[in-house]
Amino acid sequence: MFRRLSQLTRILGLFTISAIGLWIVCFGIFLLFESLLDCSFNTNRVRSCLVGGLDLGFWVHVTGMMATWGQLILAPIVLLTGVLWAAMTLILRAWKR
């Protein structure tokens, strides 16, 4: 039982950190395209963004949408898993004593 709770705690921690990491990566990629490569972003439509002869406008649009609106989707999930992770960690530490 103790081993399963420990594994569940690790899974909840991994899920919480990976959701935050996903948002940070999308935000970083979006800022890279927006500032360094001079690609403009619009939530209404996909604009072309030529990098090395390739049109990356769709990917700029997807990462921009995830960077701006993704936090609204991920915030409740991160809060729920973060609270569960903290509670499980406290329970396991109290149980070890």
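Below or above, wherever it landed, is the structure these notes cover. The structure displayed is predicted, hence computed values, not measured ones. (Residues numbered from 1 in each chain as written. Predicted model: local features only at pLDDT ≥ 70, side-chain atom pairs only at ≥ 80, totals over all residues. Heavy atoms only, no water.)

This part takes up the overall build of the chain. Secondary structure summary: the chain contains two helices and two strands in total. The C-alpha radius of gyration computed for the chain amounts to 19 Å, which surpasses the reference 13 Å derived for 97 residues by more than 25%, pointing to a less compact arrangement than a globule. Once the C-alpha set of the chain is aligned to its principal axes, its extents read approximately 60 × 25 × 20 Å. Going through the 97 residues of the chain one by one, you find that 27% of them count as buried. In the chain, of all internal contacts separated by at least 6 residues, the share reaching a separation of at least 24 is 63%. On the chain, roughly 7100 Å² of surface is accessible, and the fraction owed to carbon and sulfur atoms is 71%. (Helix = DSSP H or I, 4+ residues; strand = E, 2+ residues; numbered from the N terminus. Rg over C-alpha atoms; globule rule 2.2 N^0.38 Å. Buried < 20%, exposed > 50% of the residue type's maximum accessible area, 1.4 Å probe, protein only. Contact = heavy atoms within 4.5 Å. Areas by Shrake-Rupley, 256 points an atom, 1.4 Å probe, with all protein chains shown as cover.)

This paragraph deals with the environment of S35. Considering the arrangement of structural elements, one finds S35 in helix α1 (residues 2-36). For S35, a relative accessible area of 53% translates into the label exposed. Within the local environment of S35, its side chain forms a polar contact with the backbone oxygen of L31, the two atoms lying 2.7 Å apart. (Polar contact = N/O pair within 3.5 Å; in protein donor to acceptor, adjacent residues only side chain to side chain.)

On to helix α2 (residues 57-96), then. W69 marks where α2 bends most, by close to 55°. Looking at α2, one finds that the buried residues are G57, V60, H61, T63, G64, A67, G70, L74, V78, T81, M88 and L92. (Bend = angle between axes of the 7 residues up to and from the residue.)

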